[in-house]
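# Commentary on secondary and tertiary structure
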Amino acid sequence: MPLSDKAKAMLAKDRLFQSLPEEARPLFLERLMTQRVRGGEWIYRLGDSAGGIYFIADGGVRVEIATGALNTFIAHYIPASLWFGEPSALTGQPRMVGVVAAQNSELLHISLPHLNQLIANYPEILRQLAVITQMYLRTAIGAIADLMLRDTEARFVATLLRLAGIRDDDTVTGRFDVFFSQEEIAAMANVARTTANTLLGKLQKEGAVEITYRRIVIVDSAKLRAFLNTDA
């Protein structure tokens, strides 16, 4: 399936794509396959064999991780314009996380054999894949730091901001969707579900969020950040 104009426009601004020499870009585009997935459909599961990388042209995906005796839960959201799947592609090891579509989404996929072929000819791709991995590592470290916040309200708000992709940018404005249920957000913020419901009610009353079915909408990020204490 040919790439949509929207996908091509997004790739034109992408750091990985821009790292390629001009003559390599058409070859890279030829290797990309469009994959449309419905919300709730798994792209791959934790422990699946090594595979290629994916670019989110539209929609977004949720990330499943394992804890303890391989108990799994959804822990993060990746929005459009980002790549994922690079750790397994770099190491050849099984998938470290599972990824499921959060809503109907359009993905661009390049298989592992095609990716390895491109890397052999254009090794700069390796550096860019490492940059992507570092970005997700920074997000993971930030999530750990937020979970160590003692104040329940601050920890909950920090989790909402992270899931919306705006935890580290206090200059952004607008509406931001958080594609998780109240129960899921409670688990990710390490608070009781009743506590999460109470906090969300408070945030909605203050005009910071709107509560919809299986989705929270941040309508005023400045108001939401005001609930962070000085330790956040």
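Residues numbered from 1 in each chain as written. Predicted model: local features only at pLDDT ≥ 70, side-chain atom pairs only at ≥ 80, totals over all residues. Heavy atoms only, no water.

### As for the overall build of the protein
- Check the secondary structure of the protein and you find ten helices and eleven strands.
- Taken against the 2.2 N^0.38 rule, which gives 17 Å for 232 residues, the C-alpha radius of gyration of the protein at 19 Å falls within 12% of a compact globule.
- A separation threshold of at least 6 residues defines the contact pool for the protein, and within that pool the share at least 24 residues apart is 71%.
- Surface summary for the protein: the accessible area is close to 12,000 Å², and the carbon and sulfur share equals 53%.
- On the protein, the mean spot of the 25 positive side-chain charges and the mean spot of the 25 negative ones are 2 Å from each other. (Helix = DSSP H or I, 4+ residues; strand = E, 2+ residues; numbered from the N terminus. Rg over C-alpha atoms; globule rule 2.2 N^0.38 Å. Contact = heavy atoms within 4.5 Å. Areas by Shrake-Rupley, 256 points an atom, 1.4 Å probe, with all protein chains shown as cover. Lys, Arg positive; Asp, Glu negative; His and termini not counted. Charge placed at Lys NZ, Arg CZ, Asp CG, Glu CD.)

### Brief notes about the packing of helix 7 (residues 152-163) against helix 9 (residues 193-205)
- At a minimum axis distance of 11 Å, the contact between helix 7 and helix 9 shows a crossing angle of 75°. Judged by the inter-axis angle, helix 7 sits roughly perpendicular to helix 9. Here helix 7 contributes Thr-152, Glu-153, Phe-156, Val-157 and Leu-160 to the contact with helix 9, which in turn contributes Thr-195, Ala-196, Leu-199, Leu-200, Lys-202 and Leu-203.
- Residues that form the contact of helix 7 with helix 9 fall into these classes: seven nonpolar, two polar and two charged. (Axes fitted to C-alpha atoms, helices over the stretch in contact; angles between N-to-C directions. Parallel < 35°, antiparallel > 145°, perpendicular 65-115°, else oblique. Nonpolar A, V, L, I, M, F, W, Y, C, P; charged D, E, K, R; others polar.)

### Side note on the sheet that holds strand 3 (residues 53-58)
- Read across the sheet, four strands follow the order 1-8-3-6 without closing on themselves; strand pairing throughout is antiparallel. Both edges of this open sheet fall to strand 1 (33-37) and strand 6 (83-84), since each of them pairs with a single strand only.
- Judged from the five bridges that link them, strand 1 and strand 8 (residues 105-110) form a sheet pairing that is antiparallel. For Thr-34, the partnering residue across the bridge sits in strand 8 and is Leu-108. (Pairing = 2+ DSSP bridges.)

### Regarding the nonpolar core
- Formed by 38 residues in total, the largest nonpolar core has its most connected members in Phe-28, Ile-43, Trp-83, Phe-84 and Ile-125.
- Per element, the largest residue contribution to this core is five residues, and it comes from strand 3.
- Leaving out residues up to four positions away in the same chain, Phe-84 has contacts with Ile-43, Tyr-44, Ile-53, Tyr-54, Ile-56, Val-61, Ile-78, Val-99, Leu-107 and Tyr-136.
- If you look at the next biggest cluster of nonpolar residues, it comprises 33 residues, including Ala-186, Ala-189, Leu-200 and Ala-208. (Core = buried A, V, L, I, M, F, W, Y, C linked by side-chain atoms within 4.5 Å. Buried < 20%, exposed > 50% of the residue type's maximum accessible area, 1.4 Å probe, protein only.)

### A look at unusual backbone geometry
- Although it is not a glycine, Ser-81 adopts a positive phi angle of roughly 85°.
- Note that Ser-81 resides in the loop between strand 5 (71-79) and strand 6.
- Residue classification places Ser-81 among the partly exposed residues on the basis of a relative accessible area of 38%.
- At Asn-190, a residue that is not glycine, the phi angle is positive and equals roughly 60°.
- Overall, Asn-190 belongs to the exposed group, its relative accessible area being 55%.

### Some words on helix 5 (residues 112-121)
- Turning to helix 5, its buried residues are Leu-112, Leu-115, Leu-118 and Ile-119. Taken end-on, helix 5 shows its buried residues confined to a sector of 125°, consistent with a single buried face. Turned more than 90 degrees from where helix 5 packs its buried face, Pro-113, Ala-120 and Asn-121 sit exposed.
- In this structure, the buried residues of helix 5 make contact with helix 3 (25-31), strand 3, helix 4 (86-91), strand 8 and helix 6 (124-147). (Arc of directions from axis to C-beta.)

### Digging into the sheet that holds strand 4 (residues 60-67)
- Taken in spatial order, the four strands of this open sheet run 2-7-4-5, and their pairing is antiparallel. The open sheet terminates on both sides in strands that have one partner only, identified here as strand 2 (42-44) and strand 5. Between one strand and the next, the sheet's axes are offset by a mean angle of 30°, whatever the strand orientation.
- Here two bridges tie strand 2 to strand 7 (residues 98-101), and the two strands are oriented antiparallel to one another. Note that in strand 7 the partner of Tyr-44 across the bridge is Val-99.

### Looking at the pattern of salt bridges
- One pass over the full model with this rule turns up eleven salt bridges.
- In this structure, Asp-58 engages Lys-6 in a salt bridge whose closest nitrogen and oxygen atoms are separated by 3.1 Å. One end of the pair, Asp-58, is in strand 3; the other, Lys-6, is in helix 1 (residues 5-12), and 52 residues separate them in sequence.
- The partly exposed category is assigned to Asp-58, whose relative accessible area is 34%.
- We classify Lys-6 as partly exposed; its relative accessible area is 47%.
- Across the salt bridge formed by Arg-193 and Glu-183, the nearest N and O atoms sit 3.6 Å from each other. You can see Arg-193 sitting in helix 9 and its partner Glu-183 sitting in helix 8 (residues 182-189), a full ten residues away along the chain.
- Since its relative accessible area comes to 48%, Arg-193 is described here as partly exposed.
- Here Glu-183 falls in the partly exposed class, since its relative accessible area comes to 47%. (Salt bridge = Lys/Arg side-chain N within 4 Å of Asp/Glu carboxyl O.)

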